[in-house]
Amino acid sequence: QVQLVESGGGLVQAGGSLRLSCAAAGRTFTRSTIGWFRQSPGKERDFVAIIDASGDSTYYTDFAEGRFTISRDNAKNAVDLQMDSLKPEDTAVYYCAAGSRFAVRASSYDYWGQGTQVTVSS
């Protein structure tokens with residue numbers, strides 16, 4: 001199975017930046033589609049960004065476009081999410097997920113990390 005671990009979350013003021021990382025062991029990770037999702041209490045898990053196995057194709061949801069950047073760092077066996085111009089509404093637990101399909105639905109992913117808390121103060 002694929003083990004995923006997110007890191008990089010924390011408390012930041014509005015307008016600030018955070019860089020999240022999703023790390024895993026093994027070559028299988030580099031051959032998987034990796035998605036970032038976020039979830040607030042009482043809300044559904046929302047899609048944020050996705051990157052394919054090659055790193056050539058990415059896709060962002062509207063609130064992330066222009067502010068967030070997803071990238072692969074194969075040397076570190078990781079996928080990063082750079083988040084800039086953060087807003088209070090970005091506050092959530094952020095999860096990375098691995099799957100075999102390039103999809104924006106959470107149900108399409110097979111493996112999930114434990115999540116990392118991002119809190120943006122006003």
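What you see is a predicted model; the values in this text were computed from it and never measured.

Caption draft 1: Geometry of the nonpolar core. Membership of the largest hydrophobic core comes to 27 residues, with the highest contact counts inside it found for Trp36, Leu81, Met83 and Tyr94. Those elements that provide at least two residues to this core are β3 (18–24), β4 (33–39), β5 (46–51), β7 (68–73), β8 (78–83), β9 (92–99) and β11 (116–121). Setting aside its immediate chain neighbours within four residues, Met83 contacts Gly16, Ser17, Leu18, Leu20, Arg67, Phe68, Tyr94 and Val118. Residues Phe37, Ile50, Ala97 and Tyr109 belong to the second largest nonpolar core, which totals 5 residues.

Caption draft 2: Molecular detail of the pattern of salt bridges. What the rule picks out here adds up to 3 salt bridges. Two residues, Arg67 and Asp90, come together in a salt bridge whose shortest N-O distance is 2.8 Å. Here Asp90 lies in the loop between β8 and β9 and Arg67 lies in the loop between β6 (58–60) and β7, a separation of 23 residues in the sequence. Grouping residues by exposure puts Arg67 and Asp90 together as buried.

Caption draft 3: Structural context of the packing of aromatic side chains. Tallied over the entire structure, the rule returns 7 aromatic pairs. Centre to centre, the rings of Phe37 and Trp112 are 5.1 Å apart; their planes meet at 55°, and the pair counts as tilted. With Phe37 in strand β4 and Trp112 in strand β10 (residues 111–112), this residue pair connects regions lying 75 residues apart in the sequence. For Phe37, a relative accessible area of 0% translates into the label buried. Looking at Trp112, the relative accessible area reads 26%, which means it is partly exposed. Relative to Trp112, the ring of Tyr109 has its centre 6.3 Å away and its plane inclined at 65°; by these criteria the two rings are edge-to-face. Under the relative-accessibility criterion, Tyr109 is labelled buried at 5%. One aromatic cluster in this structure is built from Phe37, Phe47, Tyr59, Tyr95, Tyr109 and Trp112. Over the face of the ring belonging to Tyr95 we find Arg45, whose NZ or CZ atom lies 3.9 Å from the ring centre. The cationic tip of Arg45 hangs over the ring face of Trp112; the distance from NZ or CZ to the ring centre is 4.7 Å.

Scoring rules and cut-offs
Once a new chain begins, its residue numbering starts again from 1 and follows that chain's sequence as written. Note on the predicted model: pLDDT of at least 70 is required for a residue's local features to be given, and 80 or more for side-chain atom pairs to be given and counted; whole-chain, interface and lining totals, by contrast, use all residues. The basis for the side-chain values is all heavy atoms of the structure; hydrogens and waters are excluded. The set of buried Ala, Val, Leu, Ile, Met, Phe, Trp, Tyr and Cys residues whose side-chain atoms join them within 4.5 Å is what this entry labels a nonpolar core. Burial here depends on accessible area, computed with a 1.4 Å probe over protein chains only, as a share of the maximum for the residue type. Under 20% is buried, over 50% is exposed, and the range in between is partly exposed. Here a helix means four or more residues in a row that DSSP labels H or I, a strand means two or more in a row labelled E, and each is numbered from the N terminus. Between two residues, a contact is recorded if the distance between any of their heavy atoms is within 4.5 Å. Salt bridges, as used here, are contacts in which a Lys or Arg side-chain nitrogen is within 4 Å of a carboxyl oxygen on Asp or Glu. Under the pairing criterion, centres of Phe, Tyr and Trp rings, with the six-membered ring standing for Trp, must be within 6.5 Å; the plane angle then separates stacked pairs below 30 degrees from edge-to-face pairs above 60, leaving the rest tilted. Charge-over-ring contacts are defined here by two conditions on Lys NZ or Arg CZ: a distance within 6 Å of the ring centre and an angle within 35 degrees of the ring normal.

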